[in-house]
Amino acid sequence: MNPFVFTAPPTPTLSIRGTSAAFPVRRVYCIGRNYAAHSIEMGGNPDREEPFFFQKNPDNLVQDGRFPYPPQTGDVHHEVEMVVALKSGGTDTAVQEALAHVYGYAIGLDMTRRDLQNAMKTARRPWEIAKAFEHSGPLSEIVPVETCGHPHEADITLLVNGEERQSSNTNQMIWKVPEMIAYLSRHYRLAAGDVIMTGTPAGVGPVRRGDVMVAKLEGVAQVEVAVV
């Protein structure tokens, strides 16, 4: 007998390089303004302040190479980000122990309905309507740590139609990966299947239907995404 009142939706999963097994996604945490230059371009403070996070939905993460232009907006922006996938978690994790929880890394895009985000900022309301919509998190495959190591100093770039729009290095992140994990673990119980999007460098900008985005994380992965 079916224990549910209707068929349960499938668990969102991500593909992994080198295996047919899938990574089941539990939660998606996204840090805001984690590169000083991007913080400046968004009107924020480039100094090291306490980090802040918002969330996407697990099924917002997709790997099909397509980004359907979303409704209710006329200003969708690209934000290229390194992505961290966790294999374990817990609470009150020490910074020195945090990397032991990392399963692997990917490159992805935090697509943003910028006009809706700006309206929410003005009204002092949450951003989810601008961040947590369908197909808002195009990702590459996940690359296990055993394959790529920890990309502490890796170039991160985004090209749109062959033109470079964003370019930086992960060593420019204000809050590093171990610090993000430790901070989140003080506020939430992290667990296997959690995903952290680690912030975007400067150069965010609009995309239009027909554009092709190519996101790259040096030594790890790249992904091509068509705006349709």
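Here, the structure is the one placed above.
So, here is what we can say about the structure in this document.

What counts and how
- Residues numbered from 1 in each chain as written.
- Predicted model: local features only at pLDDT ≥ 70, side-chain atom pairs only at ≥ 80, totals over all residues.
- Heavy atoms only, no water.
- Phe/Tyr/Trp six-rings, centres within 6.5 Å; stacked < 30°, edge-to-face > 60°.
- Helix = DSSP H or I, 4+ residues; strand = E, 2+ residues; numbered from the N terminus.
- Buried < 20%, exposed > 50% of the residue type's maximum accessible area, 1.4 Å probe, protein only.
- Lys NZ or Arg CZ within 6 Å of the ring centre and 35° of its normal.

**Remarks on the packing of aromatic side chains**
Thinking step 1. Going through the model one piece at a time under the given rule, you end up with six aromatic pairs.
Thinking step 2. The interplanar angle of 40° and the centroid separation of 5.9 Å between the aromatic rings of Phe-23 and Tyr-103 together place this pair among those described as tilted. Linking Phe-23 in strand β2 (residues 19-24) with Tyr-103 in strand β9 (residues 102-109), this pair joins segments that are 80 residues apart in sequence.
Thinking step 3. With a relative accessible area of 6%, Phe-23 lands in the buried category.
Thinking step 4. Geometrically, the ring pair formed by Phe-54 and Trp-127 is tilted, given 5.6 Å between the ring centres and 50° between the ring planes. Taken together, the residues span a long stretch of sequence, with Phe-54 in strand β4 (residues 53-56) and Trp-127 in the loop between α2 (114-123) and α3 (128-131) at a distance of 73 residues. Each member of the pair, Phe-54 as well as Trp-127, is classed as buried.
Thinking step 5. Through a chain of ring-to-ring contacts, the aromatic side chains of Phe-52, Phe-54 and Trp-127 assemble into a single cluster.
Thinking step 6. When the ring centre of Phe-133 is taken as reference, the NZ or CZ atom of Arg-113 above it lies at 4.5 Å.

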